[in-house]
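Here are the chains, one letter per residue:
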Amino acid sequence: MIRTLTIALSLAMAAPVVAQDVLRTDLSPAESAVPAPETVHGWVARYFDSTRSGTVEPWLANFAENAVVDDPVGTPVKADPTAIRAMGEGFLGAFETVGLHESFVHVSGLEAVARWEGRGTTPDGTEVTFQGINLFTFDSDGRITELRGFFAPPGS
């Protein structure tokens, strides 16, 4: 798995494209229960769409009740719904408008890695851009159980 993520991260840094897993026919019954890569791509797209909604509720709807959020990596981990909500509200509150735009997504089972660019306008009218990479782990219902974000927040 680490090798897959290392390769995916290397590719993410090299080109803004969308990668897809190769369809396999040799899966065991347990493995075949994993959703198709296109389904997981849809969950990732839903997450990024929600970052552009301007409100915290659509963004929160992406997370499982037991989600763990390490975003950005190096800050305190958020492991309860109250802390995750506060994180989302803090992020949105720092901007007049903001959104993350994915440029590369790679899926492996219930995990995905995505390269993205954030674009926003602060309350004083300053336009900012910032880039990062997110690592997602989903449950079988398409809710995020773990999110790790690798980026430096604007102004840091």
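Rules of the game
- Each residue is numbered by its place in its chain's sequence as written, counting from 1.
- Selection of residues for local features in this predicted model requires a pLDDT of at least 70, selection of side-chain atom pairs for listing and counting requires 80 or more, and totals for whole chains, interfaces and linings are taken over all residues.
- Based on all heavy atoms of the structure, the side-chain values leave hydrogens and waters out of the count.
- The helix count covers DSSP runs of H or I at least four residues long, the strand count covers runs of E at least two residues long, and both are numbered beginning at the N terminus.
- In this scheme, a residue with accessible area under 20% of its type's maximum is buried, one over 50% is exposed, and one in between is partly exposed, where area comes from a 1.4 Å probe on protein chains only.
- Throughout, the Shrake-Rupley method with a 1.4 Å probe supplies accessible areas, and for residues the shown protein chains are the sole cover considered.
- Only one rule defines a salt bridge in this text: a Lys or Arg side-chain nitrogen within 4 Å of an Asp or Glu carboxyl oxygen.
- What is meant by a nonpolar core is a set of buried Ala, Val, Leu, Ile, Met, Phe, Trp, Tyr and Cys residues, joined one to another through side-chain atoms within 4.5 Å.
- We call two residues contacting when some pair of their heavy atoms lies within 4.5 Å.

Colleague: Mind showing me how you'd approach the overall build of the protein here?
Modeller: Within the protein, the regular secondary structure consists of five helices and five strands. Of all 156 residues assigned to the protein, the portion counted as buried reaches 37%. When the accessible surface of the protein is totalled, it reaches about 8,500 Å², and 58% of it is carbon and sulfur.

Colleague: Just to check I follow, could you spell out the pattern of salt bridges for this structure?
Modeller: Under the definition given, this model contains six salt bridges. Between D70 and R148 there is a salt bridge; the shortest N-O distance is 3.4 Å. Residue D70 is located in strand β1 (residues 63-70), and its partner R148 is located in strand β5 (residues 144-151); the two are separated by 78 residues in the primary sequence. We classify R148 as partly exposed; its relative accessible area is 26%. E89 is paired through a salt bridge with R85; the nearest N and O atoms lie 3.5 Å apart. Of this pair, E89 and R85 both sit in helix α5 (residues 81-93), four residues apart, which is roughly one turn of the helix. In this structure E89 comes out as partly exposed when scored by relative accessible area, which is 40%. Look at R85 and you get partly exposed, because its relative accessible area is 30%.

Colleague: Even after reading the chapter, I still don't get the nonpolar core, so can you show me in this structure?
Modeller: For soluble globular proteins, nonpolar side chains are generally found buried alongside one another. Of all hydrophobic cores here, the largest spans 28 residues; its most connected members are V44, Y47, F48, W59, F63, F136 and F138. Looking at this core, the elements with two or more residues in it are α3 (37-51), α4 (56-60), β1, α5, β2 (97-108), β3 (111-121), β4 (127-138) and β5. If you tally residues by element for this core, the top one is α3, at five residues. In contact with Y47, other than residues within four places in its own chain, are W59, N62, F63, N134, F136, I144 and L147.

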